[in-house]
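Analysis of the macromolecular model
Listed below are the residues making up each chain.
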Amino acid sequence: MDRTDKPLAVGTLPVGWVARALVVAALASLVLSALAGWRSALVNVVLATGAGHAYNVGLKATPWSWVPYTCGFGMLPSVVTLAASPPHWAPWWMTAAGAALGVGAHLLNALPDLADDEVTGVRGLPHRIGERPSRALAAALLTAASALAVAGPAGSPPAWAWTALALVTVLAVLTWFGRGRTPFRAAVTIALLDVVLLTVA
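Before going into details, it helps to say that this report is about the structure given with it.

Here is what the cut-offs are and how they apply
- Residues numbered from 1 in each chain as written.
- Predicted model: local features only at pLDDT ≥ 70, side-chain atom pairs only at ≥ 80, totals over all residues.
- Heavy atoms only, no water.
- Helix = DSSP H or I, 4+ residues; strand = E, 2+ residues; numbered from the N terminus.
- Areas by Shrake-Rupley, 256 points an atom, 1.4 Å probe, with all protein chains shown as cover.
- Lys, Arg positive; Asp, Glu negative; His and termini not counted.
- Charge placed at Lys NZ, Arg CZ, Asp CG, Glu CD.
- Expected span 1.5 Å × (residues − 1).
- Buried < 20%, exposed > 50% of the residue type's maximum accessible area, 1.4 Å probe, protein only.
- Arc of directions from axis to C-beta.
- Contact = heavy atoms within 4.5 Å.
- Core = buried A, V, L, I, M, F, W, Y, C linked by side-chain atoms within 4.5 Å.
- Axes fitted to C-alpha atoms, helices over the stretch in contact; angles between N-to-C directions.
- Parallel < 35°, antiparallel > 145°, perpendicular 65-115°, else oblique.
- Nonpolar A, V, L, I, M, F, W, Y, C, P; charged D, E, K, R; others polar.
- Salt bridge = Lys/Arg side-chain N within 4 Å of Asp/Glu carboxyl O.

Some details on the overall build of the protein
Secondary structure assignment for the protein yields 10 helices and zero strands. Counting from the amino terminus, the protein carries its helices and strands in the arrangement α-α-α-α-α-α-α-α-α-α. With the model as given, the accessible surface of the protein reaches about 11,100 Å², and the carbon-plus-sulfur share is 72%. Between the centroid of the 12 positive side chains of the protein and the centroid of its 8 negative side chains there is a distance of 5 Å.

In structure tokens:
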């Protein structure tokens, strides 16, 4: 209730709306997961969506706040490949790239709220290591995800993939050494490029 920037906490967003939205989202997740096949459904509900619930229930306030992001993002490629014919786990490099992207996203997402979270008792990994180390670690992880997405697939990477990786390198430098909002914007751009690279892969 100390977060005056959160509409639910201050009452500008009705609790009933949120409750109904949660029910609809939960049902949609179960139904859509089931349509993809029992393997995909099990991985999505237990390891992907389940990881998100574990974060919200309590892990977000511990040094292990990064674990649900590792699990959730890392398992997403397998949610897709387990629905294929024949079903199979995603290759290791895609799982690792997803996990790196997830932890990088966690660090970035926490940065704007570090001070407010401290007030409410939330002290995850980003809060414990601080703003600048979190930013540097996020840049390193997002860059690693990019490298895995480019080098992981079989065959020689196309020219555009190398171009994207070069752009990621430039953005990583801006993330480490930029000032003001530039590091955050650069890191978010890397994350978006990672998503594109993984989707194409």
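Structure's up, so let's keep going.
Thoughts on helix H9 (residues 159–177)
Across its 19 residues, H9 extends 28 Å between first and last C-alpha, which sits within 8% of the 27 Å expected from 1.5 Å per residue. Buried within H9 are the following residues: Ala-161, Ala-164, Leu-165, Val-168, Leu-171, Ala-172 and Thr-175. Burial along H9 is one-sided: seen end-on, the buried residues are contained in an arc of 125°. Facing away from the buried surface of H9 by more than 90 degrees, the exposed residues are Ala-159, Thr-163 and Phe-177. If you follow the buried residues of H9, they end up packed against helix H8 (131–151) and helix H10 (182–200).

Focus on the nonpolar core
Ranked by size, the top nonpolar core spans 31 residues in total, and within it Leu-101, Leu-108, Leu-142, Ile-190 and Leu-198 carry the most contacts. Elements with a minimum of two residues in this core: helix H5 (92–110), H8, H9 and H10. It is H5 that provides the largest number of residues to this core, a total of nine residues.

Side note on the packing of helix H2 (residues 15–35) against helix H3 (residues 38–57)
Running from N to C, H2 and H3 point in directions that differ by 140°, and their axes come no closer than 7 Å. Between H2 and H3, the angle is such that the two are oblique. Facing Ser-29, Leu-30, Ser-33 and Ala-34 of H2, the residues of H3 in contact are Ala-41, Asn-44, Val-45 and Thr-49. Counted by class, the contact of H2 with H3 contains four nonpolar, four polar and no charged residues.

A short note on the pattern of salt bridges
Under the defined criterion, the tally for this structure stands at one salt bridge. For the salt bridge of Glu-131 with Arg-135, the shortest nitrogen-to-oxygen distance reads 3.3 Å. Highlighted residues: Glu-131 and Arg-135, both in helix H8, separated by four residues, approximately one helical turn. Using a relative accessible area of 37% as the deciding quantity, one classes Glu-131 as partly exposed.

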